Amino acid sequence: MDEPLTPPAPPLSAQRPPGRPRTFACPNCGGSVTLRAVGQSISATCSQCSSLIDVADENLRIIQKAQAALEPSEIPIGARGRLQDVEWEVVGYMRRSDRTGYYEWIEYLLYNPYRGYRFLVREAGHWTLVRMLTRDVPAAGSTIDLTVEGRRYAFFSKGQALTKYVAGEFYWRASTADVTETADYIASPHRLMVESNAEEIIVSEGVYLEPSLVAQAFKLPLADERHGPGVNQPNPHKRWLRVPLAALGLATLLQFGSLALSPGRQVASQTFTLTSADKGKTFASEPFRLDGRGNVEFETSAELKDDWLELDVALVNVETNRSYHASQGLENYRSGRVTERTSELLSPVPAGTYKLLIDTNAGLFTKAAETVPMVAREDYLQTWLRNNGQGGSFPSSQPAIAPAPANPLPSEKFTVTVRHDVPIWSNYLGAVGLLALGAGFGFFRDRRFEQSRWEQGGIDEEAPSVSGNLAAGGFVAAAGSSSSNSDSGTDNWWSSSSDDDDDSGGSSSSDDSSSSSSSEDT
């Protein structure tokens, strides 16, 4: 982490060099026990008989005998790896669980003599690097959301943590009898972990690590065995929301830029009258000019009643005789005369002088000229009397039937309008549809991921309260200044001019009264 856990340490030259690893004989089985954090560790585990030994006691008092058979760990004790640009050594290993024992996780204690301690937590295949905070966090352990260092954490869970197995060395008197009350808060990829007992409360902050990063740091073939969402794992489906939204914004910007650059100027508009005698006739428009290369839109409108109209339109360059073709069709069989419109867009054509050649086909071509029905003799006479009055004389010749004049040929009018450099909406709308599908898919997976994450949280209402002192000693004290003691010079592996600040994650003491037990809850 960027901020040290303790006040800045004195310059490197003023510090006592870190101690070299030392060994001693196990008081239970006589096996060799190696201490790596000399001067820091309070308890250690014998690798032969698995007994827990109080190394702060000059008599090497046994805390707990042969807790269980030795367990293998993915990252062995003594392994070194570089995380967050700091080289760490694994000095301790713990297996912990919730109150039911059903949900378990692993905690590795990491040590660097200039940086102090960190915990590397593995749960359900997810990894979190944890550091202890030394500042006060009001309301830590409650069920309300917290704000720490400007970051808002949402309450996630509350319960208990039991220590099931320990190996290696620790800066408190670790024991499988350790039980603590826990509370978790998340602000992915960060996590705030609170552990407490009747004596103390400890707040730690963790940050999520990808499994591949941990494997690379320790140069181990650690498999990616993540099961379900991690408590503080960054939601991998957020990008399915961000990418489509960003793409939609870019597409909208481009579309409106196209609107500004493509005015869709009208360059020609002409009305033609079509009769049944015009079957097979080609209509020609007046020449018009297209300035610059761009697309061309034809819009045809016609008033139709129980009729249809089809046009084959050719845009012909009068200079090169090159032509571009489009077809349009209109129809109306609804009641009354209705104006129908249709349009067709041609791909960009070069600048030049053009005209339209239009071939037509219509329903009116099947309609012949009609005549008014023949007028009967009586109707003819009545009409004559109305026109000439009663005093007039009857015509000498009174036809039995009088023919009426013929109607003109049926006709339809249609108008063709030409626009140049027209903005295209179809591509934009298609892109919006696809991006909406992608965003919807991403939103669904995002919500499903978050739902699965939060289903893991909650409050363990049945967990009994931890009261009194723990069987193996008190809870870990707040981190204080940690000096790196040495009994015979400096270990070259730890020598580093860049790691000259001490932000130890926990207090170290050889005094029995400072004994403590800890591990950040996961």
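The shown structure was predicted, so the numbers you read here are calculated from the model rather than taken from an experiment. (Residues numbered from 1 in each chain as written. Predicted model: local features only at pLDDT ≥ 70, side-chain atom pairs only at ≥ 80, totals over all residues. Heavy atoms only, no water.)

*Asks:* Is there a simple way to explain the layout of surface pockets in this structure?
*Replies:* The probe, sized like a water molecule, is rolled over the atoms to show the empty space still left. Each pocket or cavity is described by its volume, and for the largest pocket that value is around 450 Å³. What lines the largest pocket is a set of 23 residues, among which Asp98, Tyr103, Ser157, Gln456 and Gly457 lie closest to the centre. Breaking the lining of the largest pocket down by element, the ones donating at least two residues are β12 (151-170), β13 (179-187) and β27 (458-459). Looking at side-chain class alone, the lining of the largest pocket contains five nonpolar, nine polar and nine charged residues. Empty space within the second largest pocket amounts to approximately 290 Å³. What lines the second largest pocket is a set of 18 residues, among which Arg36, Thr45, Ser47, Ile77 and Gly168 lie closest to the centre. Residue assignment for the lining of the second largest pocket shows that the elements contributing at least two residues are β2 (32-35), β3 (43-45), β7 (86-97) and β12. (1 Å grid on protein atoms, 1.4 Å probe; cavity = no way out; pocket = protein on both sides within 12 Å on 5 of 7 lines; lining within 4 Å. Points joined across faces, edges and corners; volume = space filled by probe spheres on them. Helix = DSSP H or I, 4+ residues; strand = E, 2+ residues; numbered from the N terminus. Nonpolar A, V, L, I, M, F, W, Y, C, P; charged D, E, K, R; others polar.)

*Asks:* Which parts of the structure should I look at to understand the nonpolar core?
*Replies:* A general tendency of soluble globular proteins is for nonpolar side chains to be buried together. Phe288, Phe298, Leu315, Leu356, Ile358 and Phe414 are the most contacted members of the largest nonpolar core, which has 29 residues in total. Secondary-structure elements contributing two or more residues to this core are β16 (265-275), β18 (288-290), β19 (294-304), β20 (307-317), β21 (323-332), β22 (338-349), β23 (352-362) and β26 (411-420). Apart from residues no more than four positions distant in its own chain, Ile358 is found in contact with Phe272, Lys281, Thr282, Phe283, Leu311, Asp312, Val313, Phe414 and Val416. Core analysis: the next-biggest nonpolar cluster, separate from the first, contains 22 residues, Val86, Leu110, Leu120 and Val207 among them. (Core = buried A, V, L, I, M, F, W, Y, C linked by side-chain atoms within 4.5 Å. Buried < 20%, exposed > 50% of the residue type's maximum accessible area, 1.4 Å probe, protein only. Contact = heavy atoms within 4.5 Å.)

*Asks:* Can you walk me through the environment of Glu412 in this structure?
*Replies:* The topology assignment puts Glu412 in strand β26. Using a relative accessible area of 9% as the deciding quantity, one classes Glu412 as buried. Along the chain, Glu412 and Phe272 lie 140 residues apart, while their C-alpha atoms are 8.4 Å from each other. In contact with Glu412, other than residues within four places in its own chain, are Phe272, Thr273, Leu274, Glu303, Leu304, Asp307, Arg337 and Leu364.

*Asks:* Sorry if this is basic, but what is going on with helix α1 (residues 211-218) here?
*Replies:* Three- or four-residue spacings in an α-helix give side chains the same orientation, since the helix completes a turn every 3.6 residues. Every buried residue of α1 is accounted for by Pro211, Val214, Ala215, Ala217 and Phe218. The arc enclosing the buried residues of α1, seen along the axis, measures out at 160 degrees, which places them on a common side. Opposite the packed face of α1, turned more than 90 degrees from it, sit the exposed residues Ser212 and Gln216. Residues of α1 that are buried make contact with β6 (80-83), β7, β8 (104-112), β9 (116-123), β10 (126-132) and β15 (201-209). Looking one or two residues past α1, Lys219 carries a phi angle of roughly 55 degrees, positive in sign. (Arc of directions from axis to C-beta.)

*Asks:* Would you mind going over a nonpolar patch on the surface with me for this structure?
*Replies:* Judged by side-chain polarity, Leu250, Leu253 and Leu254 come together as a nonpolar surface patch covering roughly 330 Å² of accessible area. As for its position among the elements, Leu254 is in helix α2 (residues 239-261). (Patch = residues over 30% accessible without salt bridge, like charges linked within 9 Å, V, L, I, M, F, W, Y side chains within 5 Å. Areas by Shrake-Rupley, 256 points an atom, 1.4 Å probe, with all protein chains shown as cover. Salt bridge = Lys/Arg side-chain N within 4 Å of Asp/Glu carboxyl O.)

*Asks:* What is the right way to read the packing of aromatic side chains from this model?
*Replies:* Both the distance between ring centres and the angle between the ring planes are used here to describe each pair of aromatic rings. This model, assessed by the stated rule, comprises 14 aromatic pairs. When the centroid spacing of 5.2 Å and the interplanar angle of 55 degrees are considered together, the rings of Phe170 and Trp172 count as tilted. Taken together, Tyr111, Tyr117, Phe119, Phe170, Tyr171 and Trp172 form an aromatic cluster joined through their ring pairs. (Phe/Tyr/Trp six-rings, centres within 6.5 Å; stacked < 30°, edge-to-face > 60°.)

*Asks:* Would you explain the pairing of β7 in this entry?
*Replies:* Along any regular strand the residues' side chains alternate between the sheet's two faces. With eleven of twelve residues buried, β7 is to be regarded as a mostly interior element. In this sheet, β7 lies alongside β6 in antiparallel orientation, the contact comprising four bridges. Residue pairing across strands places Gly81 opposite Trp88, the latter belonging to β7. Taking the residues between adjacent antiparallel strands as the criterion, β6 and β7 are bridged by two residues, where Gln84 takes a positive phi near 50 degrees. When β7 meets β8, the two strands line up antiparallel, connected through eight bridges. Bridging from a neighbouring strand, Gly92 pairs with Leu109 of β8. Where β7 hands over to β8, the hairpin turn is made up of six residues, of which Gly101 adopts a positive phi near 80 degrees. (Pairing = 2+ DSSP bridges.)

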